[in-house]
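# Examination of the molecular architecture
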Amino acid sequence: MELIYEKSKPGRRAAVLPRRTVPAATIPSELRRSAPPRLAEVAEPDLVRHFTELSTRNFGIDTGFYPLGSCTMKHNPRANERAVEVPGFRDLHPHQDADAAQGALELMWRLQEILAEVTGLDAVSLQPAAGSQGELTGLLLMRAYFEDRGEHRSEVIIPDTAHGTNPASVTMAGLELVDVATDERGNVALDDLRAKVSEHTAGLMLTNPSTLGLFDEGIVAITDTIHEAGGLCYYDGANLNAVCGISRPGDMGFDVVHINLHKTFSQPHGGGGPGGGPIAVRGFLEPFLPIPAVTRDGDRFDLDAHRPLSIGKVRGFAGPFGVFIRSYAYIRRYGPRLREMSEAAVLNANYLLKHLREAYDVPYDRICMHEFVVSAQSLKRNHGITALDVAKRLMDYGFHPPTIYFPLVVAEALMIEPTETEAKETLDAFVQAMLAIAEEAREQPDQLHEAPRSQPVGRLDEVKAVREPVLRYLFEGHPRRE
Ligand SMILES: *Cc1c(COP(=O)(O)O)cnc(C)c1O
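Around the ligand sit 13 residues in total, of which Ser70, Ser132, Asp236, His262 and Lys263 are the nearest. Ser70 is positioned such that a nitrogen or oxygen atom in its side chain is 2.6 Å from an oxygen atom of the ligand. Between Asn260 and the ligand, the recorded distance is 3.1 Å, taken from a side-chain N or O atom to an oxygen atom. For the ligand, the accessible surface in isolation is 380 Å², of which the surrounding protein chains cover 88%. When grouped by side-chain class, the residues that make up the shell around the ligand number two nonpolar, eight polar and three charged.

In structure tokens:
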């Protein structure tokens, strides 16, 4: 397929801009272009066809089942989009005075209250724009808290099953990483944890349910251990889809939680944006939260920037507002029955696990939460078929592959998360495909190494792609034709 730049013909246009009514001189010269931007020049039909064709080569939650573990690729209800399109929300300027944005502030305040309730904590900031930014914000809060108390604590304990963003956030926050092992049931190894805490411990970062899809059986002993050492407990709530309305991080003993609005609360994601990673904290951490805070006084809502202990601003304006509307609309449609969302997610995952165990190894054999990890280790040993082969072949069956080779503690890992929005027929079709692939591994393993065969591109040479990246179009653009 040609690039849009290769389809470019000088003078072709898909749109004509209105004549300028502002004299050019009113715009400072350093803000004006000296040459037109190097954009492709194409007529509207060609433009539409180009991007429509591109879109058909992509895979999304609207095209098929997308069981990407840890990513919670659930259906995005269209009712949310109607809420976002309400003119009072859609046309609001981010610099609008609070007086003329009362509805928007009220929505944010209500969302904060709901997230406080769901997490069992006291105060919320909606500002962080992703889970990973929530992590960084939470860690900066913990640092600010200890600095305010005159305590020098710099170590953050993280299990070896953690999502890669956890250790990255610790390093970015200027803190030090301490690893804790996972025991044979998939829980944090308590002996190891006890050996690692000290007067240097700033806290623990834990994903629960873990990336193995398991609810930690020692959760209260874990948070007690950290608190007894004077540290704080951070809950990576990216997996909150498993526990909403059932159990709450605050009740488990956690002090800071981030929530992924683009996972649990249905903001569309997968193309890199926009996301939402609010954090919820215990009351004693509230003074450190980012500014401005959304506050309520009687019937009036406001943005409060006067918080002397605040870590400052972590995002432009008040945060990703469109994401808040979608998440709020989604949560309100469940209302007090929000737990049904999590119950169905857990049921779907266990249904898949029960069927897949016929053909795949189950490294931690327990009831799972919203996701689970199986392994292709036996297929590899007996037939030379790896998790990568299975994932690539799934594309030929019309499914997005699950997450593979993560978490790192499981060899040949396939991490599967069906979400609650899939029907039994879809789950059954996925089981059939997974079992058929295991059968193919026994019967015709060579063919599997060549999958996928039905896609616009076949098996990519990933090592070469990393070693010899071709980024010409990204960095240089296409030469403008005169
Ligand atoms: C997705 C995820 C994150 C990071 O969230 P982003 O919004 O992608 O930055 C962190 N931890 C876990 C367990 C996750 O699944």
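On to the sheet that holds strand β4 (residues 201–207). In spatial order, the strands read β1-β7-β6-β5-β4-β2-β3; together these seven strands make up an open sheet with mixed pairing. Strands with a single pairing partner mark the edges of an open sheet, and in this sheet they are β1 (123–125) and β3 (176–180). The sheet shows a mean angle of 25 degrees between the axes of neighbouring strands, direction not considered. Note: β4 against strand β5 (residues 232–237), five bridges, orientation parallel. Paired with Leu204 across the bridge in β5 is Cys233.

Taken across its five residues, strand β2 (residues 155–159) has five buried, putting it largely inside the fold. Pairing of β2 with β3, which is carried by five bridges, proceeds in the parallel orientation. Residue pairing in the sheet places Ile157 in a bridge with Val178 of β3. You can see the chain leave β2, run along helix α6 (residues 165–172) and come back into β3, and the turn it takes is right-handed.

Partitioning the chain into structural domains gives domain 1 (4–56), domain 2 (80–336) and domain 3 (341–464). On a C-alpha basis, the centroid separation for the pair domain 2 and domain 3 is 31 Å. The partner domain 3 presents 20 residues to the 29 residues of domain 2 that form the contact. When residues of domain 2 are sorted by the area they lose upon contact with domain 3, Thr211, Leu212 and Asn241 head the list and together hold 30% of the total. Where domain 2 packs against domain 3, one counts one salt bridge. The interface formed by domain 2 and domain 3 contains 10 residue pairs in polar contact (both at pLDDT 80 or more). The residue makeup of the side of domain 2 that touches domain 3, split by class, is 13 nonpolar, 11 polar and five charged.

Here strand β10 (residues 372–375) shows two buried faces, one formed by Phe372 and Val374 and the other by Val373 and Ser375. Direction of pairing for β10 relative to strand β12 (residues 413–416): antiparallel, over a ladder of four bridges. If you follow Val373 over to β12, its bridge partner there is Met415.

Let us now look at the pattern of salt bridges. Under the counting rule described, the total for this entry stands at 32 salt bridges. Across the pair Asp251 and Arg248 runs a salt bridge whose closest N-O atoms are separated by 2.9 Å. Classification of Asp251 by relative accessible area gives exposed; the value is 53%. In this structure Arg248 comes out as partly exposed when scored by relative accessible area, which is 27%. With its nearest N and O atoms 3.6 Å apart, the salt bridge here joins Asp304 to Arg307.

Definitions and cut-offs
- Residues numbered from 1 in each chain as written.
- Predicted model: local features only at pLDDT ≥ 70, side-chain atom pairs only at ≥ 80, totals over all residues.
- Heavy atoms only, no water.
- Near = heavy atom within 4 Å.
- Polar contact = N/O pair within 3.5 Å; in protein donor to acceptor, adjacent residues only side chain to side chain.
- Areas by Shrake-Rupley, 256 points an atom, 1.4 Å probe, with all protein chains shown as cover.
- Nonpolar A, V, L, I, M, F, W, Y, C, P; charged D, E, K, R; others polar.
- Pairing = 2+ DSSP bridges.
- Helix = DSSP H or I, 4+ residues; strand = E, 2+ residues; numbered from the N terminus.
- Axes fitted to C-alpha atoms, helices over the stretch in contact; angles between N-to-C directions.
- Buried < 20%, exposed > 50% of the residue type's maximum accessible area, 1.4 Å probe, protein only.
- Right-handed = clockwise from strand over helix to strand, strands pointing away.
- Domains from an automatic or database assignment.
- Contact = heavy atoms within 4.5 Å.
- Buried area = accessible area lost by both parts, 1.4 Å probe.
- Salt bridge = Lys/Arg side-chain N within 4 Å of Asp/Glu carboxyl O.

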